[in-house]
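Geometric and topological summary
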Amino acid sequence: MDSDRQTTRQRAEALVSTVPPLLVAAERVAATVAQGVHGRRRVGTGESFWQFRQYQQGDPIQRIDWRQTAKTDTVYIRELEWEAAQTIWLWRDASPSMDYRSRRDLPSKRERAEILLLALAILLSRGGERMALLGGGHMATTGQVAVNRILQAFESSADTTGTDADGLPGSEDVPRHGELVMIGDLLSPLEAIDKMVGRYVNRGVRGHMLQILDSTEVTLPFGGRVRFAGFEGERETLIPRVESIREAYLDRLQAQQDGLRALCRSAGWTFSTHCTDNSPQTALLSLYAALSQEPVDQPDARVPAAGG
Amino acid sequence: MLTLGPLVFATPWLLLALGILPLIYWLLRVTPPAPRLLRFPAIRLLYDLTAREETPDRTPWWLLLMRLALAAMIILALARPLLNPGADLPGSGPVLLVVDNGWAAARDWPARRRQLEQVIDRADREGRRLIVLPTAARVPGERPEPSGLLRPAEARGLMETLTPVPWPTDRGAALAALRDLRLEGSAHAVWLTDGLDDDAVVPLAQRLQRLGSAEIVLPSAAQSPHLLHPPAAAGAELIARIRRVEGLDGPTGPVWLRVTAGDGRLLHRQQIAFEAGETVAEAPIDLPVELRNQAIRLEIEGETTAGAVALLDERWRRRPVGLIGAGAERAPQPLLTEMHYLGRALEPYSEVRLGEVLDLLESRVAVMVLPDTGGLTTEDRTAIDDWIAEGGVLVRFAGPLLAANPDPLVPVRLRYGDRVLTGTLSWTEPMPLATFDEDSPFHGLAVPPEVLIERQVLAEPSLDLAGKTWARLADGTPLVTAERRGPDGRGGWLVLVHTTAGPEWSNLPISGLFVDMLRRIVAMSEGIAGDGGTRTLKPLLLLDGLGRLVAPGATAVPIQAGGLAEARVGPEHPPGFYGTEEARRALNLGGSVETMRRLQDLPGGVAVSDYAPRGEIDLMPWLLAVALAVAVLDMAIAMALRGLFAVPVRRAAGTAAIVVVALAGGLFPAPAARAQMGDEMAIEAANGTYLAYVVTGLRQVDEVSQAGLDGLSAVLFARTAVEAEGAIGVDVAVDELAFFPLLYWPVLPEQAALSEATIDRLNDYLRNGGTILFDTRDQALGGGTSGPGAQRLRTLTEGLDIPPLEPVPPDHVLTKAFYLMQDFPGRYAGGPLWVENARERVNDGVSSVIIGANDWASAWAVSASGAPSFPVVPGGEQQREMAYRFGVNLVMYTLTGNYKADQVHVPAILERLGQ
């Protein structure tokens, strides 16, 4: 098991090796946002120098940089870079239905979800963000410790950490104005998902949903007379000819995804889907983009310091 | 029985079951195939989906057809169809089976068994009882008895136990047994004969006819047996004698005779042909005399009867010859002694034993040779007299001793002194030998004129002297005299040669004639005939009916030694070896069979057939086998239709290929392929600096180790004076480690414990300056001493001589061997590095063991394109650079030892010098 744990981690590391550290875009400045270790490339509270700007009416006199002012005629204010860290809550669906894989050479949905989550955690830890696994029972922390905790949670609780009967996050509290990343198959009834999203939105939590599906769930490639059974004690159903209901199934799946997308849009959340026979890289990049709120390939936008 | 051309159904009423086939068809038609079960996470979306078209899957028509064929096949099989069945047996009463099970029946026993089975099968089908009557007694005192009325199954069981016996049949007794038999209804008798005639044949056939009807089965001429008589010994040769059955229609082909040794080796194989019209063929067996003593068995090739085997014992062997007078080989001039000439003359054709008289008598020699040198005591003489009376042959040579004091142990009275035919005071010349008389045993031997006798002892003239003389000189003086001694002239011989066995008195001993004369005398002996006639010979190894030597059963009776020649083979005395292991006597069937005539002149009205197979084939097992195969196929198809073979065929083929490759890999495991690091590899390893890693057996790990050390080698080559050639994987249990300054050892939790020998090798390596870097690769899991690799390392290194360890101190050589560094990151950073306590001063303070957890090989590993294979955590490329630097320092440390440590003292030394 230990070596499994190590390979999961190493695969996640390989996945993130080409992606720069992730700085979560922190919009809402709030008390829950703790002081971070890195600059946010904008003016704010911090220790490192950001820029000089001309004194304007209303600026506190204490912030005038007298040395710079003495060099020229204008009065300069010394501005520091805003250093802050966002708290990210990570969640993956741990229900038994996630253990599904249609082919032996594909990862199960759960493996894919955990790799993505771990990769995200590594990126976040490099960015110095605070994070924790939702329902993992730990405080949000930074750095390798947080990654190790998540890894341990994956390993030690192969049960359903933080997942309720519907395959959705339980009623754990996320502090106000946190960020939540949800990875799961999200096949629960839309009403339940709506209720869950509403609960978080009320607390000002921003969320990102990634729906992971197996390729058979996307295409329903079966044929003939099939008795379907679920993973979580659902009642069985007998389909005399699967070919004949494929269209109807795909319509339903589409409706589910459309519903999720609409729900997220109304809550201001992001939504994306991922199929396990695709590369995890694309899913990671879409999450990265959603969290950093900037195009992935955007060049470094730092303004050179004047007079540096 | 229902007959359809050549096809017959034994239980035709079962064919009625074919009527249920339409029912099966209807049942299969209305039942759709069972659904396959699939587990599917998105099942919620599938609930209550109604199909636009609802046509339930039906059993495909070809599957339906196959299942119907399967049912039909089973029904047909149960009806027992027979192809080419035999005709019904005549009569209505029981079937009487008379079986010749004497020795001749073993000639083609399987054909007889087949015939028996067919008769029993036919009786079984007709529901008739059977009576079985073997015509040969099986145990002493038993007479052939008909069995009671047997059901066919019982008859089969009885038939299983029926084997041919190695003695002749007793048809007279069988006839007598049949006289009392009363049967109901008209019986049908089948007599399976062995094809040999005797007086009881006609009465027996008539008796069988009278019971109802009779059928007599005769073997063909090609299947008639041959009888091998015990070979006759004629001089040095054995004459094989083979008899065939009289009255055969055509000529029989030649037979091959095999001679085998006691351990089954084939010594000789020879073809013997029968003259036209002759029933006996004789031929000398062309066997080198050296091999003749090893032969114990003659047999006719391809015939498995007791009559085709002749066993050989001592009587057919070369005679052991005793040479009296041990110690002669220690004489001053051994090449001139009589013993030497006698030995050389006797050895090629006889087994020569040296010894004193009593010892030789003890070892039961057939012939004794007494040269003149041997003195005889009175006791010896008495013993020799007795031995000659029992059949021994004593050959005595004259000489100065005998001439001086003649003793009574001579065939003729001798004159005192000797006759000298040459010399300065003599008129006579040395004299040649006369031609041998017709009644002399030497008759026919050519007398070479150059053989000259110079001196001899002379016999007193007497009336019977001429009769006792075997050889004379040219002037008629007896040279060899002999006398038969013993009760009523049946004992052995006492032979006296009137000259010496050495070259003193004549040149006879150096001529070929001497050798031939001795051979003739030895051939006259009776062998070890010393069995007194009253001893009993117990059965030792007996021939069974098929001509195999087996341990004797309880029923064989011992034979009086004297009665062996007259003993007749029978249930009491089966053929085989009797006596003890040391002295065994063979009793052969050949001597007990007088006539071998072809059975003919049968009474009229008897049906005669032969053993040729009838060709009746029972189709039931074949039909059932095909039905089973179809059933298996049907099951496979049904499973495939239900989706139980989830793996698609193409992938299955791939899997199969992988399995095959894996199996092949398993059959030829890595050590075989690596062949223990041959000399070539050793030379290569010794010619350059190679970094070595321990092969763990886990492919991914080994590949990383290889790539890592290759990457480090490249860095060393580019930056330092170390010209590392590359990386070599070694198996610590097998390969020589002395070539490698550094051994990189990734520790796996799965690694097997080391053997005692391996630990010794590693200790040797460490003592002699090697360094091992143990990498537990645990740092990703928190490092420390609790990781799985560290725990494994603890058990793995249990027997290794590792001094106390400590974390690398800040002034350790590793921190400055090439680069200055204090941390030693690999793929992961931060784990402590443990080295030997420098104060231990083992290996001059160079640590032989370095232990860490940072997974260095992964950090050093580069892919074929030169790019790093693995990301390093958490530090990025700078951390990789530091990892390389650690590698450089490490290799420097292992190659240069504490060289850098000395430089620490440079300031102090300079300071001292300055003072």
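Residue numbers restart at each chain and count upward from 1, following the sequence in its written direction. A letter from A marks each chain and a number from 1 marks each ligand, given out in the order of writing. Local features in a predicted model are, by the rule used here, given only for residues with pLDDT of at least 70; side-chain atom pairs are given and counted only at 80 or more, and totals for whole chains, interfaces and linings are based on all residues.

**Considering the overall build of chain B**
Note the cut-off: Per the convention used, a helix needs a DSSP run of H or I reaching at least four residues, while a strand needs a run of E reaching at least two, with both numbered from the N terminus. Each residue is classed by its C-beta neighbour count within 10 Å, where at least 20 other C-beta atoms makes it buried, 12 or fewer makes it exposed, and intermediate counts make it partly exposed; the C-beta atoms are placed from backbone geometry.
Of regular secondary structure, chain B possesses 24 helices and 39 strands. When burial is assessed residue by residue, chain B has 36% of its 915 residues classed as buried.

**Here we look at the overall build of chain A**
Scanning chain A from N- to C-terminus turns up 8 helices and 11 strands. Per-residue burial for chain A yields a buried fraction of 38% across its 308 residues.

**Structural notes on the sheet that holds strand β10 (residues 237–239) of chain A**
Using the following cut-off: The pairing criterion is simple: DSSP has to find at least two bridges between the two strands. Fitted lines through C-alpha atoms give the axes, limited to the stretch in contact for helices. The angle between two N-to-C directions lies from 0 to 180 degrees.
With mixed pairing, the 3 strands of this open sheet are ordered in space as β10(A)-β9(A)-β3(B). Across the chains shown, the open sheet's two edge strands, defined by having one partner strand only, are β10 of chain A together with β3 (36–39) of chain B. Each neighbouring strand pair of the sheet contributes to a mean axis angle of 30 degrees, computed without reference to strand direction. Note: strand β9 (residues 226–229) of chain A against β3(B), 4 bridges, orientation parallel.

**Side note on the pairing of strand β11 (residues 255–261) of chain B**
Residue and element names in this part refer to chain B. Sheet analysis places β11 next to strand β12 (residues 266–272), joined by 6 bridges and oriented antiparallel. Within β12, the position partnered with Val255 by the bridge is Ile272. In terms of strand pairing, β11 meets strand β14 (residues 295–300) through 5 bridges, oriented antiparallel. Its bridge partner lying in β14, Arg258 is registered against Glu299.

**Brief notes about the environment of Ser188(A)**
Among the secondary structure elements, Ser188(A) is positioned in the loop between β7 (179–184) and α5 (190–202). The spacing of Ser188(A) and Gly167(A) is 21 residues in sequence and 6.7 Å in space, taken between C-alpha atoms.

**Quick notes on the pairing of strand β29 (residues 576–579) of chain B**
Residue and element names in this part refer to chain B. As paired elements, strand β26 (residues 539–543) and β29 share 3 bridges and run antiparallel to each other. In the sheet register, Pro539 faces β29, and the bridge partner there is Tyr578. Of the pairings in the sheet, the one linking β29 to strand β30 (residues 584–587) comprises 4 bridges and is antiparallel in character. Residue pairing in the sheet places Gly579 in a bridge with Arg584 of β30.

**Description of the sheet that holds strand β16 (residues 320–324) of chain B**
Residue and element names in this part refer to chain B. Stated precisely, the cut-off is as follows: We call two residues in contact when their backbone-placed C-beta atoms lie within 7 Å.
Here 7 strands make up an open sheet; going across it, the order is β17-β16-β18-β19-β24-β23-β22 and the pairing mixed. What marks the edges here is a single partner per strand, and that holds for β17 (351–355) and β22 (469–472). Taken over all neighbouring pairs, the strand axes of this sheet differ in orientation by 15 degrees on average, direction set aside. Pairing of β16 with β17, which is carried by 5 bridges, proceeds in the parallel orientation. Across the sheet, the residue bridging to Ile324 is Gly355, located in β17. Strands in contact with helix α8 (residues 338–346) are β16, β17, β18 (367–370) and β19 (393–397); relative to β16, the strand with the most contacts, it is inclined by about 175 degrees.

**Side note on the confidence of the model for chain B**
All names here are of chain B. Where we set the bar: For every residue, the pLDDT score states the predictor's confidence, bounded by 0 at the bottom and 100 at the top.
Looking at chain B, pLDDT values average 80 and 87% of them are 70 or higher. Put simply, helix α16 (residues 670–674) is where chain B has its lowest mean pLDDT, 42, and β22 is where it has its highest, 91. pLDDT under 50 marks residues 647–653. Its contacts with residues more than four places away, or in other chains, come to 2 contacts. At the level of chain-chain contacts, confidence expressed as ipTM amounts to 0.70, with global pTM at 0.45.

**Focus: the packing of α5(A) against helix α7 (residues 242–267) of chain A**
Residues and elements named next belong to chain A. The condition that has to hold: Any angle that is under 35 degrees is reported as roughly parallel, and any over 145 degrees as roughly antiparallel; angles of 65 to 115 degrees are reported as roughly perpendicular and all others as oblique. When the near helix sits turned anticlockwise from the far one by under a right angle, the crossing is termed left-handed; a clockwise turn instead gives a right-handed crossing. Polarity classes work like this: nonpolar for Ala, Val, Leu, Ile, Met, Phe, Trp, Tyr, Cys and Pro, charged for Asp, Glu, Lys and Arg, and polar for all others, with Gly in that last group.
It is the contact of α5 with α7, at a shortest axis distance of 11 Å, that shows an interaxial angle of 15 degrees. The angle between the axes of α5 and α7 places the two elements in the roughly parallel class. α5 and α7 meet at a crossing whose hand is right-handed. Contact residues: α5 offers Leu190, Ile193, Asp194, Val197 and Val201, while α7 offers Gln256, Gly259, Leu260, Leu263 and Ala267. Considering only residue class, the contact of α5 with α7 consists of 7 nonpolar, 2 polar and 1 charged.

**Quick word on unusual backbone geometry**
The phi dihedral of Leu186(A) is positive, around 50 degrees, even though this residue is not glycine. Checked against the element boundaries, Leu186(A) lands in the loop between β7 and α5.

**Some words on the environment of Glu114(A)**
Note that Glu114(A) resides in helix α3 (residues 109–126). With 36 residues separating them along the chain, Glu114(A) and Ile150(A) place their C-alpha atoms 9.4 Å apart.

**Some points on the environment of Tyr25(B)**
All names here are of chain B. Note on placement: Tyr25 falls in helix α1 (residues 21–30). Look at Tyr25 and you get partly exposed, because 15 C-beta atoms sit within 10 Å. Taking the C-alpha atoms as reference points, Tyr25 and Leu68, 43 residues apart in sequence, are found 6.9 Å from one another. In contact with Tyr25, other than residues within four places in its own chain, are Leu64 and Leu68.

**Considering the packing of helix α2 (residues 61–78) of chain B against helix α14 (residues 620–641) of chain B**
Geometry of a packed helix pair, given as the angle between the helix axes and the separation of the axes. Residue and element names in this part refer to chain B. Relative to each other, α2 and α14 sit at 155 degrees, their axes nearing to 9 Å. With respect to each other, α2 and α14 are oriented roughly antiparallel. Between α2 and α14 lies a crossing of left-handed hand. Here Leu63, Met66, Arg67, Ala69, Leu70, Met73, Ile74, Leu76 and Ala77 of α2 lie close against α14, whose contacting residues are Met620, Leu623, Leu624, Val626, Ala627, Val630, Ala631, Asp634 and Ile637.

**Quick notes on the nonpolar core**
Spelled out, the test is: Throughout this description, the term nonpolar core refers to a group of buried Ala, Val, Leu, Ile, Met, Phe, Trp, Tyr and Cys residues whose C-beta atoms join them within 7 Å. How far each domain reaches was decided by an automatic or database domain assignment.
Counting 76 residues, the largest nonpolar core has Leu96(B), Leu97(B), Leu130(B), Ala189(B), Trp191(B) and Leu208(B) as its most contacted members. Among the domains, domain 2 (95–223 + 602–615) and domain 3 (225–317 + 555–597) of chain B are the pair contributing at least three residues each to this core. Setting aside its immediate chain neighbours within four residues, Leu130(B) contacts Pro94(B), Val95(B), Leu97(B), Ile120(B), Ala123(B), Leu150(B), Pro152(B) and Ala155(B). If you look at the next biggest cluster of nonpolar residues, it comprises 66 residues, including Ala113(A), Ala132(A), Tyr200(A) and Val242(A).

**Considering the confidence of the model for chain A**
Residues and elements named next belong to chain A. When pLDDT is averaged along chain A, the result is 77; 77% of the residues meet or exceed 70. Here residues 26–36 is modelled with pLDDT under 50, and outside its nearest four sequence neighbours on either side it reaches 24 contacts, counting other chains as well. Ignoring residues within four places in sequence, the model shows residues 295–308, a span with pLDDT below 50, making 12 contacts including any to other chains.

**Topic: helix α13 (residues 512–524) of chain B**
All names here are of chain B. Definition in use: Every helix has an expected span of 1.5 Å times one less than the residues it contains. It is the directions from the helix axis to the C-beta atoms whose arc is reported.
The end-to-end C-alpha distance of α13, which contains 13 residues, comes to 19 Å, matching closely the 18 Å that a straight helix rising 1.5 Å per residue would cover. When α13 is considered as a whole, its buried residues turn out to be Phe514, Met517, Leu518, Ile521 and Val522. Along α13, the residues classed as buried sweep out an arc of 135 degrees about the axis, all on the same side. Against the buried residues of α13 lie β16, α8, β18, β19 and β24 (493–497).

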